[in-house]
Every structure is written in C-alpha cells, then in structure tokens.
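# Structure assessment
Residues per chain are reported as follows:
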Amino acid sequence: MEIRIERAAQLKAKPDPSTLGFGKIFTDHMFIMEYEAGKGWYDARIVPFGPFPIHPASTALHYGSEIFEGLKAYRRADGKVQMFRPIENIRRMNNSAERLCLPQIPEDLAMEILTTFVDYEKDWTPSAPGTSLYLRPFMFGNDETLGVHAVHHATYMIIASPVGSYYKEGINPVKIMIEAEDVRAVRGGTGYAKCGGNYAASNRAGQKAEQKGYAQVLWLDGVERKYIEEVGAMNVMFKINGEIVTPALTGSILPGITRKSCIEVLKSKGFKVSERLLSIDELAQAMADGTLEEAWGCGTAAVVSPIGELCYKDQIFTVNGGKIGEVTQMLYDTLTGIQWGKLEDSFGWTQLIG
Ligand SMILES: *Cc1c(COP(=O)(O)O)cnc(C)c1O
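Residues numbered from 1 in each chain as written. Predicted model: local features only at pLDDT ≥ 70, side-chain atom pairs only at ≥ 80, totals over all residues. Heavy atoms only, no water.

### Thoughts on the pairing of strand S6 (residues 81-84)
Stated precisely, the cut-off is as follows: The cut-offs for exposure are 20% and 50% of the maximum accessible area for each residue type, with area from a 1.4 Å probe on protein chains only; residues under the lower value are buried, those over the upper are exposed, and the others partly exposed. Helix and strand definitions here come from DSSP, where helices need a minimum of 4 consecutive H or I residues and strands a minimum of 2 consecutive E residues; each element is numbered from the N-terminal end. Two strands make a pair as long as DSSP finds a minimum of two bridges between them.
Neither face of S6 is exposed, since Val81 and Met83 on one face and Gln82 and Phe84 on the opposite face are all buried. Sheet topology places strand S5 (residues 71-75) next to S6; 3 bridges connect them, and they run antiparallel. Pairing of Ala73 across the sheet is with Met83, part of S6. Pairing between S6 and strand S18 (residues 350-352): 3 bridges, direction antiparallel. Bridge assignment links Gln82 to a residue of S18, and that residue is Leu352.

Next comes the structure, spelled out in structure tokens:
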C-alpha cells in the first residue's frame, strides 16, 4: 500500500534523556489510515504529530470501541535500531480486533506500516542506557452515528514516544495489594484483548491500592475471586519450591509477549515452568511456609518488576526479604540484553530497522 508522507515543516529538538519519563513527549510525526466496510483500508499517511478532528458521535467516544498495542524500538551500541518481536504485537492486535468487531489488518501490511513509520522516526530512538522509543499502535471504531452496531468505519494510528529508563534508581521490588472486590476481566469478556475498556475498569482498584501505599493490585479471577490472574497491567510469575508458576491463559488474562518470552528463556535454561491455575490459598500457603521464593510482574514497559511485599486481607508477607531474586534478575538481564543488542539473539526475536 502506498503511504503518503506529509513532512512536518519544523522538526522538534530532541529532548535531554534525563527528562523523558513515560509517554509525555512525542515524535514529529504520526501514522493514520482509515477503514470502511466494503472498501477496506485506505489513505495510509504519515503526517505531523498533533490533535486531529473527531466527530462528536464517534463510536470510540461512546461505546469504548478501542484497542491498542505497546512495543519498543531499541538503539544498539552500533547505532542501529531494532524492534523486539513486532509480529507478536501485530497478531495480538488482530486478536483484539476480532473480539471487539474491529477490522483486521493483514500481517504483511501491518508490518510494512510499522517498519516504515519507525524508520521515518528512528532518529527519535534515544541512546542513553535503559531508554527506548515506545511505539503505540491503536485502532478505534469511528462511525459518525450513535446507533449501536458493529463498526463500519475505523481508524488505525501509530504514535511514538521516547521513554526513559524504567529503573533509574535501580530495580526496587514493589508492594502489591491483593484485590478481593473489583475484578479486571471475566471469562467470556475482553480480558485477553488489549482494549482501553479493561484499563478503565481497573482504575478504581489501582487508585485504592495507591491510597494504601501499594504500587499495584494483584487481580483474582472474576468468577470465584480465587485464582490469580495478573498484577496491575502486567502478567505475573512466581517461583514456588523451585518451580516457576504463571497463571494459564484462560481468556481473562492478557497474553503478554514479555510473559511468553520469559517462559521461553526459562525453558531454554532448564527451569520447570507450569502454566496453570494458581489459587490465592496455594499462594498464601507458600507465603506462610516460606516456599514462595520469588514473585515478579512482566510487561514491555518494565520488562520485569520484582514483588517485594504482598498484602492479603491485611496480612503482610515479604517475598525474598524484599530483594530482587536470582531468577527475576536473570530474566531482566537476558531480555534487556537481547533487546538492546548486547546479547546474542539466539531466539531470532529482534528485527532491525532500515
Ligand atoms: C500489555 C499488557 C500486558 C503485558 O504485555 P506485554 O506484551 O508483555 O507488554 C499484561 N497485562 C495487561 C493487562 C496488558 O495490557
């Protein structure tokens, strides 16, 4: 597909790496294309970054028809820029689209668009340690009518933001509160889709945890409030008695690409990894008898985020003395090593730009 390019008249100055943070600064351009039922995708273009008009009746604004992805481009020591497993994000976006009745983007087209856009903006990939260019593809229903129906018109966009190191002051384990009331997702719902609505639904519990001094919540399943699902907006893993346990993908859990990568790295190093149901009672027992050795969240933004303390019904448990564990550290070193091109990519996960 032809991608029309409208270059910004004035390019912005690149920010100082120490000021980056997460998702506050955006590059000079953004990608947009439109979809209409019967016509398919059209008018693919890279245009100057900025606000754009949207009809006040747009489906996305009223009925939450929105999905997104998150991945990063990394600057290697030799100056080249590479992405980490982008095909996985493209496939997941199509799975999310299927769930929300948004249109599919053929994989080849989605990859061509992503690589063209990242190549165009690659000078924005910072090179300071731990920094990267965060890529945010998203799609929304954009019919200009209030009638409730499957989407006829959709818009697909990509924006990009240079982001700072997640761990500027070193990797500090976080305190997590187990949420026993609100649930993030239910089986048959949209938990496995990366959609904005899931985030809206999880805000209340996140806010409550924050007020109590916790970084995030540990979600339990929506039916029995019994099985562990995710931690905040990350997948979760535990080392219990030498075994790595992570909740099985039952439909209400987002299939993280970091989760998948951790499992593949762990298996390649000979760890026993079980994707299974893990009840809060089993975890509480493991915390009480000391067999819970490590716990961590995993996702693109942080890679891994060690859990140092878990609070369940006002009982507080410390994990690994509140320090990062060996397996958590190994996963962090291995994945970031591959992402920034410091370790050999024996899995074939990285994709060079240009
Ligand atoms: C995006 C996301 C994750 C992590 O997925 P990655 O592909 O590893 O970044 C986990 N849980 C939720 C709810 C998410 O939205």
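After that view of the structure, there is still more to cover.
### Here's the deal with the site of the ligand
What counts is decided by this rule: Nearness is judged by heavy atoms alone; a residue qualifies as near a molecule or strand once a single heavy atom is within 4 Å of it. Within 3.5 Å is the distance limit for a polar contact, defined as a pair of N or O atoms, with the added protein rule that one can donate a hydrogen and the other accept it, and that residues adjacent in sequence qualify only through two side-chain atoms. Shrake-Rupley sampling with a 1.4 Å probe provides the accessible areas, and residues are treated as covered by the protein chains on show and by no other component. Ten residues, namely Ala, Val, Leu, Ile, Met, Phe, Trp, Tyr, Cys and Pro, are considered nonpolar, four, namely Asp, Glu, Lys and Arg, are considered charged, and the remaining ones, Gly among them, are considered polar.
By nearness alone, 14 residues border the ligand, and Lys194, Tyr199, Glu230, Thr258 and Thr300 come closest of all. In this structure, an oxygen atom belonging to the ligand sits 2.8 Å away from a side-chain N or O atom of Arg92. When the ligand sits alone it has 380 Å² of accessible area, and the protein chains cover 96% of it. By residue class, the composition of the shell around the ligand is 5 nonpolar, 5 polar and 4 charged.

### Some remarks on unusual backbone geometry
Phi is positive for Cys101, close to 55°, though the residue is something other than glycine. With respect to the helices and strands, Cys101 occurs in the loop between helix H2 (86-99) and helix H3 (107-121). Positive phi outside glycine occurs at Val303, with the angle close to 70°. In this structure, Val303 sits in strand S16 (residues 303-312).

### A look at the domain arrangement of the protein
Put simply, the rule is: An automatic or database domain assignment supplies the residue ranges for each domain. By definition in these notes, contact holds between two residues if any of their heavy atoms fall within 4.5 Å. By definition, the buried area sums, over both parts, the 1.4 Å-probe accessible area that each loses when the two are put together. When a carboxyl oxygen of Asp or Glu lies within 4 Å of a side-chain nitrogen of Lys or Arg, that pair is called a salt bridge.
Taken as a whole, the protein is organised into domain 1 (4-163) and domain 2 (174-336). Taking only C-alpha atoms, the centre of domain 1 and the centre of domain 2 are 28 Å apart. Contact with domain 1, which involves 17 residues of that partner, is made by 19 residues of domain 2. Its largest share of buried area at the contact with domain 2, domain 1 owes to Phe68, Arg92 and Arg99, together 40% of the area lost on that side. In this structure, Lys260 engages Glu88 in a salt bridge whose closest nitrogen and oxygen atoms are separated by 3.0 Å. Where domain 1 packs against domain 2, one counts 11 residue pairs in polar contact (both at pLDDT 80 or more). At the level of secondary structure, the elements contributing two or more residues to the side of domain 1 that touches domain 2 comprise strand S4 (66-68), S5 and H2. In terms of residues, the side of domain 1 that touches domain 2 owes the most to one element, H2, which gives 7 residues. Each residue belonging to the side of domain 1 that touches domain 2 can be placed in one class, and the counts come to 5 nonpolar, 4 polar and 8 charged.

### Digging into the packing of aromatic side chains
Quick reminder of the rule: Only rings of Phe, Tyr and Trp enter the pairing, Trp through its six-membered ring, and a pair is recorded when the two centres are within 6.5 Å. The plane angle decides the type: under 30 degrees is stacked, over 60 is edge-to-face, the rest tilted. Charge-over-ring contacts are defined here by two conditions on Lys NZ or Arg CZ: a distance within 6 Å of the ring centre and an angle within 35 degrees of the ring normal.
Across all of its chains, the model carries 13 aromatic pairs by this definition. Arranged with centres 5.0 Å apart and planes meeting at 5°, the rings of Phe26 and Phe49 form a pair that is stacked. Taken together, the residues span a long stretch of sequence, with Phe26 in the loop between strand S1 (4-5) and strand S2 (29-36) and Phe49 in the loop between strand S3 (40-48) and helix H1 (59-63) at a distance of 23 residues. On the basis of relative accessibility, which here comes to 22%, the residue Phe26 falls in the partly exposed class. Phe49 sits in the partly exposed class, given a relative accessible area of 30%. Three or more aromatic residues link up through ring pairs in this structure, and these residues are Phe31, Tyr35, Trp41 and Tyr156. A cation over an aromatic ring shows up here: Lys14 above the ring of Trp124, its NZ or CZ 4.6 Å from the ring centre. When the ring centre of Tyr214 is taken as origin, the NZ or CZ atom of Lys175, which lies over that ring, is 5.5 Å away.

### Considering the pairing of strand S10 (residues 216-220)
Of all the 5 residues making up S10, 4 are buried; the element is thus mostly covered by neighbouring parts of the structure. Judged from the 3 bridges that link them, strand S9 (residues 174-178) and S10 form a sheet pairing that is parallel. Residue Ile176 lies in a different strand from S10, and its bridge partner there is Gln216. Inspection of the sheet shows S10 paired to strand S11 (residues 228-231) by 2 bridges, in the antiparallel sense.

### Things to note about the nonpolar core
Definition in use: Here, nonpolar core means buried Ala, Val, Leu, Ile, Met, Phe, Trp, Tyr and Cys residues that are tied together by side-chain atoms lying within 4.5 Å of each other.
Counting 37 residues, the largest nonpolar core has Phe31, Met33, Leu135 and Tyr156 as its most contacted members. At the level of secondary structure, the elements contributing two or more residues to this core comprise S2, S3, S5, S6, H2, H3, strand S7 (132-141) and strand S8 (153-163). Residue contributions to this core peak at 7 residues, all from H3. Among residues more than four places away in sequence, those in contact with Met33 are Met1, Trp41, Tyr42, Asp43, Ala44, Arg45, Ile105, Leu109, Ile113, Ala154, Thr155 and Tyr156.

### Quick notes on helix H5 (residues 257-268)
Quick reminder of the rule: One less than the residue count of a helix, multiplied by 1.5 Å, gives the span that helix is expected to have.
In a regular helix each residue adds 1.5 Å, so 12 residues correspond to 16 Å; H5 covers 16 Å between its end C-alpha atoms and thus fits that length. Of all the positions in H5, only Ile257, Thr258, Arg259, Ser261, Cys262, Ile263, Val265 and Leu266 are classed as buried.

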